[in-house]
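Results of the structural survey
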Amino acid sequence: MKYFFSLLLLITTVLSIPFAYADFFEEQIVGVDPETALLQEIELNAVSLRDSNEARRYNNTVYFISSIKDEALNRFDNRTIPLYRRYDIITSLDSFVYTMNQYFLYQKKYEQTRKTLYKETARYYLEDVKWDYARLKISLRNSVY
């Protein structure tokens, strides 16, 4: 009987010790807090536009960015995205949002001044955002194990 209790104690002790594995540092020490914070800091600047088409574009962009962030956060929490891929997504999304912020900034300046220089600059940013979107799509596609 004493032997049985000793064996039982040994088994429970062994099973209660956490096993070391490759993701121990990431899962048990750091978690996803740094990546989550970086992702949540990415925001589209608030802009009010008079042109209904541009206002709709702005609202759709806010919705798109919010959806991407929600999906990325879910994948971060589920640990389905490796650590190095998380930073690819964060960088790509940040670049996309920066370019869209510049587009809406120059679109707003155009509405205020009616100078074609601002309209052309906004158009250039809208062309550039296509490349940012392509990089974002690649980052999201490559984020699966």
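For the structure, see preceding data.
Scope of this entry: the structure provided in the associated data block. Please read all numbers here as calculations on a predicted model, not as lab measurements.

Quick notes on the rules
Residues numbered from 1 in each chain as written. Predicted model: local features only at pLDDT ≥ 70, side-chain atom pairs only at ≥ 80, totals over all residues. Heavy atoms only, no water. Helix = DSSP H or I, 4+ residues; strand = E, 2+ residues; numbered from the N terminus. Buried < 20%, exposed > 50% of the residue type's maximum accessible area, 1.4 Å probe, protein only. Contact = heavy atoms within 4.5 Å. Areas by Shrake-Rupley, 256 points an atom, 1.4 Å probe, with all protein chains shown as cover. Axes fitted to C-alpha atoms, helices over the stretch in contact; angles between N-to-C directions. Parallel < 35°, antiparallel > 145°, perpendicular 65-115°, else oblique. Nonpolar A, V, L, I, M, F, W, Y, C, P; charged D, E, K, R; others polar. Patch = residues over 30% accessible without salt bridge, like charges linked within 9 Å, V, L, I, M, F, W, Y side chains within 5 Å. Salt bridge = Lys/Arg side-chain N within 4 Å of Asp/Glu carboxyl O. Phe/Tyr/Trp six-rings, centres within 6.5 Å; stacked < 30°, edge-to-face > 60°. Lys NZ or Arg CZ within 6 Å of the ring centre and 35° of its normal.

1. Quick notes on the overall build of the protein
From N to C terminus, the protein includes six helices and zero strands. Going from the N terminus to the C terminus, the protein shows its helices and strands as α-α-α-α-α-α. A buried classification covers 30% of the 145 residues belonging to the protein. Restricting the contact set of the protein to residue pairs at least 6 apart, pairs at least 24 apart contribute 76%. Total accessible area on the protein stands at roughly 9900 Å², and carbon and sulfur atoms take up 58% of it.

2. Some details on the environment of Met100
Within the secondary structure layout, Met100 lies in helix 5 (residues 83–113). Put simply, Met100 and Ala122 are 22 residues apart on the chain and 9.2 Å apart in space, counted from C-alpha to C-alpha. Dropping the residues within four chain positions of it, Met100 is found in contact with Leu44, Thr61 and Val129.

3. Some thoughts on the packing of helix 3 (residues 33–41) against helix 4 (residues 52–78)
Packed helix pairs are specified by the crossing angle of their axes together with the interaxial distance, meaning the distance between the axes. The contact between helix 3 and helix 4 brings their axes to 11 Å, and the two run at 180 degrees. The angle between the axes of helix 3 and helix 4 places the two elements in the roughly antiparallel class. Two secondary-structure elements touch here, helix 3 through Glu35, Thr36, Leu39 and Gln40 and helix 4 through Lys69, Ala72, Leu73 and Phe76. Broken down by class, the residue content of the contact of helix 3 with helix 4 amounts to four nonpolar, two polar and two charged.

4. Considering the environment of Glu127
Structurally, the position occupied by Glu127 is in helix 6 (residues 116–141). Between the alpha carbons of Glu127 and Thr99 there is a distance of 9.6 Å; along the sequence they are 28 residues apart.

5. Looking at a nonpolar patch on the surface
Among the surface-exposed residues, Leu38, Leu83 and Tyr87 lie close enough to one another that they form a single nonpolar patch of about 230 Å² accessible area. Along the chain, the position of Tyr87 falls in helix 5. Overall, Tyr87 belongs to the partly exposed group, its relative accessible area being 34%.

6. Description of the packing of aromatic side chains
Within the structure shown, the criterion is met by six aromatic pairs. A centroid spacing of 5.1 Å and a plane angle of 70 degrees characterise the contact between Tyr103 and Phe104, whose relative ring orientation is edge-to-face. Every member of this aromatic cluster is reached through a ring pair, and the members are Tyr58, Tyr103 and Phe104. Directly above the ring of Phe76 sits Arg86, whose terminal nitrogen or CZ lies 5.4 Å from the centroid.

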